[in-house]
Amino acid sequence: MNTELLGVIFTYLLTLAIAIVLGKHIARVFKGEKNWLDFMSPVERFIFRFSGIDTKREMNWKQHLYALLTINSIWLIYAFVCLISQAHLPLNPDGNPNQTPDLAFNTAISFLTNTNMQDYSGESLATYFTQHFVFMFLHFASAATGIAALLVVFRALKDKVTDKLGNFWDYFVKSITRILLPISFVIAVILAFNGMPTSYKGKDTVIGMQGDTVHVSRGPVAAMVAIKHLGTNGGGWFGANSAHPLENPNYLTNTTELVAQLIIPIALVFALGFYLNKKKFSYVIYGVMTVGTLLFLLPTIAAEVQGNPAIAKLGVSQTTGAMEGKEVRFGPLNTAYWCIMTTVTSTGSTNSMHDSAMPISGAMMMMGMMVNAFYGGCGVGFLNFYIFIIIAVFISGLMVGRTPEFFGRKIEAREMKIASLIALLHPFIILVGTALSSYVLVHFPNANWSVKPSAWLNNPGYHGFSEMLYQYSSAAANNGSGFAGLTANNLFWNISTGIVMILGRFLPIIGPVAIAGILANKKFVPESAGTLKSDTSTFGIMIYAVIIIIAALAFFPALALGPIAEHFSLK
Amino acid sequence: MKTYILPALKLTVILIVILAGVYPLIIAGIGKFTPGHGDGETVQYKGRTVGYALIGQKFTKDEYFWSRPSAVDYKADASGGSNKGPTNPDYLHKDVQGRIDTFLKHNPTVKKEQIPAELVTASGSGLDPDLSPAGAKIQVARVAKARGLSEQQVSTLVDAHIEKPLLGVFGPEKVNVLKLNIALDELKK
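Residues numbered from 1 in each chain as written. Chains lettered and ligands numbered in written order. Predicted model: local features only at pLDDT ≥ 70, side-chain atom pairs only at ≥ 80, totals over all residues. Heavy atoms only, no water.

Draft legend 1. Inspection of the overall build of chain A at higher detail. When its secondary structure is counted, chain A shows 18 helices and four strands. A compact globule built from 571 residues would reach a C-alpha radius of gyration of about 25 Å, and chain A, at 23 Å, matches this within 12%. For chain A, the C-alpha atoms occupy an extent of roughly 75 × 55 × 55 Å along the three principal directions. Of the contacts formed within chain A by residues at least 6 apart in sequence, a portion of 77% connects residues at least 24 apart. By element, 68% of the accessible surface of chain A is carried by carbon and sulfur atoms, the whole surface being about 18,600 Å². Between the averaged position of the 36 positive side-chain charges in chain A and that of its 28 negative side-chain charges there is a distance of 12 Å. (Helix = DSSP H or I, 4+ residues; strand = E, 2+ residues; numbered from the N terminus. Rg over C-alpha atoms; globule rule 2.2 N^0.38 Å. Contact = heavy atoms within 4.5 Å. Areas by Shrake-Rupley, 256 points an atom, 1.4 Å probe, with all protein chains shown as cover. Lys, Arg positive; Asp, Glu negative; His and termini not counted. Charge placed at Lys NZ, Arg CZ, Asp CG, Glu CD.)

Laid out in structure tokens, this is it:
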């Protein structure tokens, strides 16, 4: 077996092993049991005392959402103000300028929502201050927000809970002190010892072997790259993200970053099983997510390893696969694996340029984001999946003619309305965004804007359409990767994707938390012979079918106009 | 609303101090003990710094092994790829075809179907420091001729610079172009 394939299999197995252990740990932390990070409790007590928070005060689902939305609003304002004044703030050794208001609007939302779409380039439009005090802080905060929201749902699924669903601040802070910070620390040390810079020195100038003068951007990269992956954020230090040699020096760091971006989404699925004592239920969910991911992964690997038929026609050898936009040290097979893992989770960091990937790979990556529930983002991945579970339960109930129940609670009109709205919101904002940008491009190509619409796209034809579809899919899924040929740093794209990101983040958090809260308040119906068993493979297939029907029906026409058409034009 | 705003504000302040202040400073402290002391590892030749070990640089002269094409001309403060799609006609018939023609002109002994695609396609970062073993070997004849060395000598040097996969089993093999070219210059004397 070749070493590239072995590398990918090893990476996944390592991920799974760590995720199971981590899942157990997460369940222990939030059940209040002893765990190996109990030495952090003085730090937590200090944080709570400083902030005047009483973690004993339990909240209902509405109070949880008030807390979540309040603190997120504060971060949004803070991030925006920092970005439009970064030139005058400390830690700016390269003398980079302020962000324009529309760019700062997009960037602040982007990091707040765990998206990390980057319309700027880190080397020229961010400072060490904003990289750390805005971006890296939000890497932690947005990931912990997602985990905390998920814990509200976990708690609501527990037997005989009524109104009291724990304390939001407690969930939020412990997600940082017991999960994100300690693991990030370990990852950052591994990365630093593999050559990733950690110091605060600015650009260096060297004269190369052929006499060319080169300016080399640097900075305290390692700390940020660790949480960038662990928190499924994806917003990197350099413009080229994890393709940049200083942001991903070798195969070991690449493996580390791959493992880091998957462990929490998978661990949270297992944590649910340990937390509720329903391990079989988590195996079913894990199974559905894994099969779904594999079906995206295999065609992508095949397409990338085989190479570009259009380049084959030019007569060169493609034994190393399609190499445009890729790095030699990772190879095409590993790069294909990264492409899918970064899009099924909401990470969106890239170790290659997705814009140059094969059309089939592009379609698979977009579908990963369109489904947005196979593994998914930190916490929010399972929240999205929860919506599909509710719909699957409801449809199954209709099929057998009983009132649908889930974990001992009846699912009725109100919950179904919320679930349907959230499930439809995702295709709605993606397709409306793409339709709007296509309309502007076709009807006002020469509008007198800073960037004319006719200059938006880097590629003609079907691929150009894919660039726009990808951008909105990425924004709505809070993924953040891009077909980076799109000229996105201008008023139209900064504002429109900003709005899509904020809708695609907070409504899919509010919806599931509301449903779980409402359900927890209902009368508990003990299991009977007629109860739909949620921990069987039949139910797993049912969820999978619901996901495919919703995603395929909604997105197939758009995919047909973009990557699918491009694929057939290659022949 | 006061029940939420005040704790949220204070919590934000203390977390910013811990997460954006203390945490990266500790990592920076640990970074002092890494090979490049946290500044990025540099490479010295004849007593001067000629580059960063991890960052690819432009090599276009016949007597050096060429690096991969770069969409950003190896500007290490403006990394990026070409973002050209696989069916883009301009890309295929100007960029790639142009690189094939250039390569064949400088390597007259090489047949077109022997050129590995990585030598005519731009890397993701524009700073790819490596070549695959095939990408280096195909340039041996040109380099040997330009330097008046035997092909055998240059080929042995390439073999010595092939870095094995991680632990010998995971990932592709590669050759660091900067290190290989420095070794070439040292060979001359």
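Draft legend 2. Molecular detail of the overall build of chain B. For chain B, the helix and strand inventory stands at six helices and five strands. Mapped from its N terminus to its C terminus, chain B presents α and β elements in the order α-β-β-α-β-α-α-α-β-β-α. Taken against the 2.2 N^0.38 rule, which gives 16 Å for 189 residues, the C-alpha radius of gyration of chain B at 23 Å runs more than 25% over that of a compact globule. Its C-alpha atoms give chain B principal-axis dimensions of roughly 80 × 45 × 35 Å. Relative to its full complement of 189 residues, chain B shows a buried share of 57%. When contacts within chain B are restricted to residue pairs at least 6 apart in sequence, those whose partners lie at least 24 apart make up 58%. Looking at chain B as shown, the accessible area adds up to about 8,100 Å², and 58% of this sits on carbon and sulfur atoms. Here chain B contributes 24 positively and 19 negatively charged side chains, and the mean placements of these two sets differ by 4 Å. (Buried < 20%, exposed > 50% of the residue type's maximum accessible area, 1.4 Å probe, protein only.)

Draft legend 3. A look at the nonpolar core. Membership of the largest hydrophobic core comes to 205 residues, with the highest contact counts inside it found for A:W169, A:F172, A:L180, A:Y386, A:I389, A:F406 and B:L11. In terms of residues, this core owes the most to one element, helix α6 (residues 128–157) of chain A, which gives 22 residues. Split by domain, the residues of this core number at least three in each of domain 1 (1–40) and domain 2 (53–188) of chain B. Once you skip the residues sitting within four places of it in the chain, A:Y386 turns out to touch A:V153, A:L157, A:F406, A:P512, A:I515, A:A516 and A:L519. A:L314, B:Y45, B:V110 and B:V177 belong to the second-largest nonpolar core, a separate cluster that totals 42 residues. (Core = buried A, V, L, I, M, F, W, Y, C linked by side-chain atoms within 4.5 Å. Domains from an automatic or database assignment.)

Draft legend 4. A look at the pairing of strand β1 (residues 42–45) of chain B. Residues and elements named next belong to chain B. Burial along β1 is one-sided: V43 and Y45 are buried, and none of T42 and Q44, which face the opposite way, are. Here four bridges tie β1 to strand β2 (residues 48–52), and the two strands are oriented antiparallel to one another. What sits directly across from T42, in β2, is Y52. Count of turn residues in the β1/β2 antiparallel hairpin: two residues, of which K46 carries a positive phi of about 50°. (Pairing = 2+ DSSP bridges.)

Draft legend 5. Region of the structure containing the sheet that holds strand β4 (residues 162–163) of chain B. All names here are of chain B. If you walk across this open sheet you meet the three strands as β3-β5-β4, and the pairing is antiparallel. Each end of this open sheet is capped by a strand with a single partner; those strands are β3 (130–131) and β4. Taken together, the two bridges between β4 and strand β5 (residues 174–176) define a ladder with antiparallel strand orientation. Within the sheet, the bridge partner assigned to I162 lies in β5 and is V175.

Draft legend 6. View of the environment of B:I18. Locating B:I18 in the fold gives a position in helix α1 (residues 2–31). Residues in contact with B:I18, not counting those within four places in the same chain, are A:I47, A:L181 and B:Y23.

Draft legend 7. Spatial organisation of the interface of chain B and chain A. On the side of chain A, 105 residues touch chain B, which itself brings 100 residues to the contact. Buried area between chain B and chain A, summed over both chains or domains, comes out near 8,300 Å², and the portion from carbon and sulfur atoms is 67%. Interface area lost by chain B to chain A is led by B:Y4, B:Y23 and B:N83, which between them contribute 10%. Counting across the chain B and chain A interface gives three salt bridges. (Buried area = accessible area lost by both parts, 1.4 Å probe. Salt bridge = Lys/Arg side-chain N within 4 Å of Asp/Glu carboxyl O.)

Draft legend 8. Expanded view of the packing of helix α4 (residues 101–112) of chain A against helix α17 (residues 491–520) of chain A. Residue and element names in this part refer to chain A. Direction vectors running N to C along α4 and α17 enclose 25°, while the axes themselves pass 9 Å from each other. Here α4 lies roughly parallel to α17, going by the angle between them. The way α4 lies across α17 gives a crossing that is left-handed. Contact residues: D102, L103, F105, N106, I109, S110 and L112 in α4; L491, W493, N494, I495, T497, G498, M501, I502, R505 and F506 in α17. The class makeup of the residues in the contact of α4 with α17 is ten nonpolar, five polar and two charged. (Axes fitted to C-alpha atoms, helices over the stretch in contact; angles between N-to-C directions. Parallel < 35°, antiparallel > 145°, perpendicular 65-115°, else oblique. Left-handed = near helix turned anticlockwise from the far one by under 90°. Nonpolar A, V, L, I, M, F, W, Y, C, P; charged D, E, K, R; others polar.)

Draft legend 9. How the structure looks around helix α1 (residues 3–31) of chain A. With 29 residues, α1(A) ought to run about 42 Å at 1.5 Å a step, and its terminal C-alpha atoms sit 42 Å apart, in line with that. Looking at the residues trailing α1(A), positive phi occurs at A:G32, about 75°. (Expected span 1.5 Å × (residues − 1).)

Draft legend 10. Molecular detail of the packing of aromatic side chains. What the rule picks out here adds up to 34 aromatic pairs over all chains. Ring plane angle 65° and centroid distance 6.4 Å describe the contact between A:F270 and A:Y283, whose orientation is recorded as edge-to-face. A residue pair is termed long-range when its members are at least 10 positions apart, and A:F270 in helix α9 (residues 251–276) and A:Y283 in helix α10 (residues 279–306) qualify at 13 residues. Owing to a relative accessible area of 6%, A:F270 belongs among the buried residues under this scheme. Here a set of aromatic residues connected by ring pairs shows up, and it is made of A:W75, A:Y78, A:F137, A:F168, A:W169 and A:F172. In this structure, A:K158 packs its charged tip against the face of A:Y275, placed 5.0 Å from the ring centre. For the cation-ring pair, B:R147 lies above B:Y64, with the distance from its terminal atom to the ring centre recorded as 5.2 Å. (Phe/Tyr/Trp six-rings, centres within 6.5 Å; stacked < 30°, edge-to-face > 60°. Lys NZ or Arg CZ within 6 Å of the ring centre and 35° of its normal.)

Draft legend 11. The arrangement of the packing of α10(A) against helix α14 (residues 380–400) of chain A in detail. Residues and elements named next belong to chain A. Where α10 contacts α14, the axes come no closer than 12 Å and their chain directions differ by 100°. As judged from the angle between their axes, α10 and α14 are roughly perpendicular. Of the residues in α14, those touching α10 at F281, I285, V288 and M289 are F382, F385 and I389.

Draft legend 12. Structural context of the pattern of salt bridges. Tallied over the entire structure, the rule returns 23 salt bridges over all chains. Put simply, A:E405 and A:R402 hold a salt bridge, and the shortest N to O gap is 4.0 Å. Since its relative accessible area comes to 38%, A:R402 is described here as partly exposed. Each of A:E327, A:R329, B:R68 and B:D128 takes part in salt bridges that share partners, so that together they form one network.

Draft legend 13. How the structure looks around the side chain of A:E467. Considering the arrangement of structural elements, one finds A:E467 in helix α16 (residues 461–476). For the buried A:E467, no salt bridge is present, and the opposite-charge side chain at shortest range is B:K84, 9.8 Å distant. Looking at A:E467, its side chain comes within polar contact range of the side chain of A:N459, at 2.9 Å. Beyond its immediate stretch of four places on either side in the chain, A:E467 contacts A:D355, A:L457, A:N458, A:N459, A:F483, A:G485, A:L486 and B:N83. (Polar contact = N/O pair within 3.5 Å; in protein donor to acceptor, adjacent residues only side chain to side chain.)

Draft legend 14. Main features of a nonpolar patch on the surface. Taken together, the side chains of A:F46, A:F50, A:F185, A:V186, A:I190, A:L252, B:V13, B:V17, B:V22 and B:I26 define a hydrophobic patch exposed on the protein surface, amounting to about 790 Å² of accessible area. Put simply, the parts of the chain that give the nonpolar patch at least two residues each are α2 (41–51) and α7 (168–193) of chain A together with α1 of chain B. If you tally residues by element for the nonpolar patch, the top one is α1(B), at four residues. (Patch = residues over 30% accessible without salt bridge, like charges linked within 9 Å, V, L, I, M, F, W, Y side chains within 5 Å.)

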